[in-house]
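Report on the structure
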Amino acid sequence: MDKRRNSKGGQRSKRGILLDHDDDARGDLHNFQGPRKTLHDYFIDLSGKRASVREEALSTILKALTLNIEQNFVELNFVTLVYQCLHSIKKGSPTEMKQAAHIIGLLSMITTSVEKVHEAYEDVLTALSQGGLKPKLKTLEILGCLTVVTFFGASNSDETESVMKLLWDLINPGTDSSIERKDSPAVLTAMISAWSFLLSTIDGWRLSHKNWQGAITYFSNILDSNDEALCAAACEALALVFESNCLEKFSSATKDSNKELKDNIIKQLRSRLSETGNERISSQDPRTGFNSASAALDFLEDEKCANTHVTIGGQKLILSTWSQKVQLKFLKHFLGNDGFVKHMMENENFHSVFDFLPERRNAWGNVLYVPEREEVTISLFQPMVARHNDCSLLPLLTRDKQLAKKKTMSPNSHLSKARTQLLKKQRDLSLKEREIDCFDY
């Protein structure tokens, strides 16, 4: 009997209802689950003194912003989050630094406030330009943070190009003996990809004439690398350079010499693609669905970027330029596949970048309606009448204004009736969606 009673007591203690013995209490306390912590609770934990607490908070917030976006949370806490993450980058553990850098990138791609994201761009660039933090630029997460913040936060091409110059000085130190080349292929690949990602946002005619001289030669030399990813990054950079149609800004050679340089690059790519078995670079990049070396060769030979597509949430996204392909590849790498799909479906900034409008679906996956731009317009014909600015025409001018107001603002006008019909249609669709969703348990 006692044994059965102890057994029941043990069961009760596991449920957190009753703890009969000290031994049971010590053994079962960690099984007791209190109230579930909210995202705001983890936000408060960022100010904790223990590194483990801060790391757990950063990890949770990072996952939430990647897979759930959390728009309201971001807008309410944007400034404080950026400040706290910058503090973690400066003084936190290596784990904190990487997580915090990634979160700043996520914040910049989620917020819809132009002022906030530009302020984040300025704060990040200032912090990473300081002597003590500049070496951290070669950390992949820090590199991704700066690049994404610049992509979404820079207000003009000059600001974007200043970050590109910062990256270029790391990619190609040149004759600067104070910088020693010790970067691994992975780090160099990441820096070139970041540089290309930012180049994809600038029109060629806006680029500086002096910052990028020798870039074509530098990237063409990398084509002989044995590292597949590094070669792919160089191919993408070269394709973007030629797509900009401003070769004189990337090479000091004459027009005829640039033609010869282009022919040499084509020969290099052909040679690489024809290697025994074509094993090293023949596979498609899973993030973009195309092979960089093969696509770059086709582009240089045909002088036209072939259309490719990727499927996102059952919809096809057409990529018709190298800029689009480079942007998709970089953002997909930054977010991961699940995170990228989530942002493509729900993040307005991504809709704008890729000109992508996701279909709305009900609980069973059926398309309820496809968002579309609907407008109500009305055309009015008014004969041209020569008039002069004198007081005798005031009654006529007043009558014209009244007539225009009657045709456009009156409840009985054709425009108002059409607008009412459109709003009613949208209301019915919204109600239909809620009726269907209520059956989703």
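Residues numbered from 1 in each chain as written. Predicted model: local features only at pLDDT ≥ 70, side-chain atom pairs only at ≥ 80, totals over all residues. Heavy atoms only, no water.

1. A closer look at the side chain of Lys262
- Tracing the sequence through the fold places Lys262 in helix H13 (residues 255-273).
- Setting aside its immediate chain neighbours within four residues, Lys262 contacts Phe242, Leu300 and Glu303. (Helix = DSSP H or I, 4+ residues; strand = E, 2+ residues; numbered from the N terminus. Contact = heavy atoms within 4.5 Å.)

2. Quick notes on the packing of aromatic side chains
- Per the counting criterion, the structure on display carries 16 aromatic pairs.
- Both rings, one in Phe197 and one in Phe330, keep their centres 4.3 Å apart while their planes meet at 10°; by these two values the pair is stacked. Residue Phe197 is found in helix H10 (residues 185-199), and its partner Phe330 is found in helix H15 (residues 322-346); the two are separated by 133 residues along the sequence. Taken individually, Phe197 and Phe330 each receive the classification buried, so the pair is uniform in this respect.
- Put simply, the rings of Phe151, Phe152, Phe197, Phe330, Phe340, Phe350 and Phe354 pair up and form one aromatic cluster. (Phe/Tyr/Trp six-rings, centres within 6.5 Å; stacked < 30°, edge-to-face > 60°. Buried < 20%, exposed > 50% of the residue type's maximum accessible area, 1.4 Å probe, protein only.)

3. Observations regarding the packing of helix H4 (residues 51-67) against helix H5 (residues 71-91)
- Where H4 contacts H5, the axes come no closer than 13 Å and their chain directions differ by 135°. Considering the angle they form, H4 stands oblique to H5. Read as a crossing pair, H4 and H5 show a hand that is left-handed. Counted together, Leu58, Ile61 and Leu65 of H4 and Phe73, Val74, Leu81, Cys85 and Ser88 of H5 form the full contact between these two elements.
- Taken together, the residues of the contact of H4 with H5 sort by class into seven nonpolar, one polar and no charged. (Axes fitted to C-alpha atoms, helices over the stretch in contact; angles between N-to-C directions. Parallel < 35°, antiparallel > 145°, perpendicular 65-115°, else oblique. Left-handed = near helix turned anticlockwise from the far one by under 90°. Nonpolar A, V, L, I, M, F, W, Y, C, P; charged D, E, K, R; others polar.)

4. Re unusual backbone geometry
- Even without being a glycine, Asn245 presents a positive backbone phi close to 60°.
- Inspection of the secondary structure assignment puts Asn245 in the loop between helix H12 (228-243) and H13.
- Residue Asn245 is classed as exposed on the basis of its relative accessible area, which comes to 67%.
- The residue Glu303 is not glycine, and still its phi comes out positive at about 55°.

5. Quick notes on the environment of Phe73
- Looking at the secondary structure, you find Phe73 in helix H5.
- Classification of Phe73 as buried rests on a relative accessible area of 10%.
- In the structure, Phe73 is positioned 33 residues away from His40 in sequence and 8.1 Å away in space, judged by C-alpha atoms.
- Among all residues touching Phe73, those that are not within four sequence positions of it are Leu39, Phe43, Ile61, Leu65 and Leu81.

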